[in-house]
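Reading the structure
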Amino acid sequence: MACAASTEPAGGFDLDAPWQLDAQVRVRPEAFGALLYHFGTRQLSFLKSPALLAVVRLLGAQPSARAACTAAGVQAEDLMRYAHALQTLAASRMIRKRGTV
Amino acid sequence: MNAPPLAEQFACGLQAPICLTWELTYACNLSCVHCLSSSGRRDPRELTTAECMAVIDELQRMQVFYVNIGGGEPTVRPDFWALVDYATGHDVGVKFSTNGVKITPEIARRLAGRDYVDVQISLDGATAEVNDAVRGRGSYEVALRAMGNLAGAGFAGFKISVVMTRHNVAQLDAFKAIADRFGAQLRITRLRPSGRGADVWDELRPTVAQQRELYDWLVAHGTDVLTGDSFFHLSGFGGALPGLNLCGAGRVVCLIDPVGDVYACPFAIHPSFLAGNVRDPDGFAGVWQHSELFARLRRPQSGGACESCSAFESCRGGCMAAKFFTGLPLDGPDPECVRGHGEQALAAAAAAPAPRPSPDHSHRTAPYRPGERQPVPLTLSARPPVTACNANPLAGFVPER
């Protein structure tokens with residue numbers, strides 16, 4: 001089973017940019033978090049906590065990924081772990097910067 | 001984010017399957033000796049087009065993002081392409097397995113234009129000789145022609161799916177070369193003693209030395225080669241292979257068969273693993289969420305004797321279906337346990353007959369085997385018709401008084 005979330009992210013994640021879920025991605029909530037499926041790449045990803053799901057759901061409505069994390073109740077000391085998880089999602093095209101194709 | 005590992009959470013089950021196999025028909029133009037669903041003849045109770053569409057609607061509601069469609073040979077259903085279109089139009093992506101018989105240049109062009117469709121061509125030998133001995137005469141040529149049509153139409157990254165046998169482990173590099181030649185991706189899976197595979201498992205399963213060769217090859221190729229997670233029983237050789245390394249039966253995986261029966265996994269077509277039917281009042285969702293069998297599979301499982309083994313953490317006792325159809329207890333070692341515990345268990349279980357796979361939709365005639373000539377079963381009527389055009393079977397029949 002392909003699991004894009006296992007791909008190691010390359011480089012840092014731009015927390016201050018506006019991000020959104022890719023239009024071809026669908027989200028299925030699960031007890032552990034959520035399942036993401038990208039219809040274009042046919043890749044599955046797993047969000048391994050409900051809190052990360054909350055961040056991902058808020059991305060499109062917040063001015064930056066940092067703001068989405070704050071709105072989802074992520075504590076400052078946890079921010080880098082969330083940035084890491086978001087970078088993994090960006091690397092597998094599950095999320096992308098708003099205004100990019 | 002300090003939750004238990006994902007595999008442990010998956011073992012407790014999900015809202016809907018991740019990996020759903022849906023066999024659309026038991027009909028097949030081939031009679032592969034190892035067919036896991038004993039396919040051949042269509043079953044008259046198979047789901048109608050409308051029933052299939054209702055299942056797709058339900059999958060969309062459950063957010064099952066894609067299905068693996070197989071059979072039998074799914075493309076021989078006259079409504080096959082309509083069902084693919086219906087699924088992809090309802091947020092259910094399709095990967096379908098085929099022997100290639102219907103993949104004409106025109107169909108290949110049509111498929112190449114679709115985002116949500118993936119194709120998997122079955123091939124069990126890198127040469128016609130090895131392939132056709134398992135899949136039947138001419139099947140190699142048909143598969144290669146289909147691959148050529150897909151590549152010619154610009155369909156990049158379709159899958160070539162190989163069941164590993166004693167006769168093709170040595171061809172792993174050759175399979176990879178074929179995949180590379182067509183711009184395809186190689187997928188290799190394990191031979192299970194399911195369906196007709198039960199009859200040939202002993203003669204076709206890889207030898208112990210070949211299991212090692214296979215493991216090393218998989219480690220060397222990493223995620224380049226897909227495995228459908230089917231070789232986790234080999235992880236006792238060393239590190240775990242890429243994938244979940246978990247028996248997903250009834251937890252993340254299940255099978256809908258052509259008559260709508262829902263089984264715990266595609267390799268477990270047997271009444272013991274039957275959870276329900278999509279025609280039940282609560283449909284597929286009801287079966288997935290409330291079947292007693294699935295509830296049992298989602299409770300913590302005992303590894304039995306395996307729990308004391310150092311490899312248990314990675315192999316988890318191996319494949320449930322492989323154990324079941326070789327007559328081994330489900331809480332013991334896999335029959336192909338790389339530590340050798342399977343061989344001992346098989347010897348101990350040899351006295352009792354293993355459960356037979358069922359149902360059986362095999363063709364009633366034996367498939368052609370090179371060098372064999374068979375009689376044509378034909379009965380000539382002794383009685384000519386009463387008149388040239390009277391086809392009534394009672395024509396000319398006069399009851400005795």
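Our subject is the structure listed above.
Residues numbered from 1 in each chain as written. Chains lettered and ligands numbered in written order. Predicted model: local features only at pLDDT ≥ 70, side-chain atom pairs only at ≥ 80, totals over all residues.

**Things to note about the overall build of chain B**
Just so we agree on the cut-off: Think of it this way: any DSSP run of H or I at least four residues long counts as a helix, any run of E at least two long counts as a strand, and we number them from the N terminus. The globule rule used here is 2.2 Å times the number of residues to the 0.38 power, and the radius of gyration it is set against is calculated over C-alpha atoms. Neighbour density around each residue's C-beta defines its exposure: 20 or more other C-beta atoms within 10 Å make it buried, 12 or fewer make it exposed, and counts between make it partly exposed, where C-beta atoms are placed from the backbone. Here contacts are defined at the residue level, using C-beta atoms placed from the backbone and a cut-off of 7 Å between them.
When its secondary structure is counted, chain B shows 14 helices and 9 strands. The C-alpha radius of gyration of chain B comes to 23 Å, within 12% of the 21 Å expected for a compact globule of 401 residues. When the backbone C-alpha atoms are referred to their principal axes, chain B occupies close to 80 × 50 × 50 Å. Residue burial in chain B is summarised as follows: out of 401 residues, 46% are buried. Taking as baseline every contact in chain B between residues at least 6 positions apart, the subset at least 24 positions apart corresponds to 69%.

**Some details on the interface of chain A and chain B**
The cut-off we apply is this: Note on residue classes: Ala, Val, Leu, Ile, Met, Phe, Trp, Tyr, Cys and Pro are nonpolar, Asp, Glu, Lys and Arg are charged, and everything else, Gly too, is polar.
Taken together, the contact pairs 17 residues of chain A with 19 residues of chain B. Of all the secondary-structure elements, those providing two or more residues to the side of chain A that touches chain B are β2 (25–30), β3 (33–38) and β4 (43–47) of chain A. Split into classes, the residues belonging to the side of chain A that touches chain B amount to 9 nonpolar, 2 polar and 6 charged.

**Regarding the packing of helix α2 (residues 49–62) of chain B against helix α10 (residues 283–290) of chain B**
Residues and elements named next belong to chain B. For clarity, the threshold we go by: Angles here are taken between N-to-C directions and fall from 0 to 180 degrees, while the axes themselves are lines fitted to C-alpha atoms, restricted in helices to the stretch in contact. By the definition adopted for this analysis, an angle is roughly parallel if under 35 degrees, roughly antiparallel if over 145, roughly perpendicular if from 65 to 115, and oblique otherwise.
Following both chains from N to C, one finds α2 and α10 inclined at 50 degrees, their axes separated by 8 Å at the closest point. What the angle tells us is that α2 and α10 run oblique. On α10, the residues touching Val-55, Glu-58 and Met-62 of α2 are Gly-283, Phe-284 and Ala-285. In the contact of α2 with α10, the residues fall into 4 nonpolar, 1 polar and 1 charged.

**Remarks on the sheet that holds strand β8 (residues 261–263) of chain B**
By way of backbone hydrogen bonds, the strands of a sheet pair with one another, either parallel or antiparallel. All names here are of chain B. The line we're drawing: We treat two strands as partners when DSSP finds at least two bridges between them.
An order of β6-β5-β4-β3-β2-β1-β7-β8-β9 is seen for the 9 strands of this open sheet, with the pairing classed as mixed. Each of the sheet's edge strands pairs with one partner strand only, and the pair in question is β6 (185–190) and β9 (274–277). Across the sheet, the mean angle from the axis of one strand to that of its neighbour is 25 degrees, orientation sign disregarded. The pairing of strand β1 (residues 19–23) with strand β7 (residues 253–256) spans 4 bridges and is parallel. Across the sheet, Trp-22 pairs through a bridge with Ile-256, a residue of β7. Helix α6 (residues 139–152) rests against β4 (117–122) and β5 (159–164) of the sheet, and its axis sits at about 150 degrees to β4.

**A word on the pairing of β3 of chain A**
Residues and elements named next belong to chain A. Along β3, 6 of the 6 residues are buried, which leaves the element largely enclosed by surrounding structure. Pairing analysis gives 6 bridges linking β2 to β3, with the strands arranged antiparallel. Paired with Glu-30 across the strands is Gly-33, a residue of β3. Counting the residues in the hairpin turn of β2 and β3 gives 2 residues. As judged from the 5 bridges shared by β3 and β4, these two strands associate in the antiparallel manner. Across the sheet, the residue bridging to His-38 is Gln-43, located in β4. The antiparallel pairing of β3 with β4 creates a hairpin that spans 4 residues between the two strands, and Arg-42 there sits at a positive phi of about 55 degrees.

**What about the nonpolar core?**
Residue and element names in this part refer to chain B. Spelled out, the test is: Nonpolar core, as used here: buried Ala, Val, Leu, Ile, Met, Phe, Trp, Tyr and Cys residues forming one set through C-beta atoms within 7 Å.
Core analysis: the biggest nonpolar cluster contains 130 residues, and Val-67, Val-94, Tyr-263, Cys-265 and Ala-268 have the highest contact counts within it. It is α6 that provides the largest number of residues to this core, a total of 6 residues. Among residues more than four places away in sequence, those in contact with Tyr-263 are Cys-254, Leu-255, Asp-257, Ala-268, Ile-269, Phe-273, Leu-274 and Ala-275.

**Focus on helix α7 (residues 172–181) of chain B**
Residues and elements named next belong to chain B. The line we're drawing: By construction, the arc corresponds to the directions joining the helix axis to the C-beta atoms.
Listing the buried residues of α7 in full gives Leu-172, Phe-175 and Ala-179. Seen from one end, α7 has its buried residues packed into an arc of 60 degrees, which puts them on one side. Summarising the geometry of α7, the exposed residues directed more than 90 degrees from the buried face are Asp-173, Ala-177, Asp-180 and Arg-181. Those residues of α7 hidden inside the fold are in contact with β5, β6 and α9 (208–221). In the segment just after α7, Gly-183 is the residue with positive phi, at about 65 degrees.

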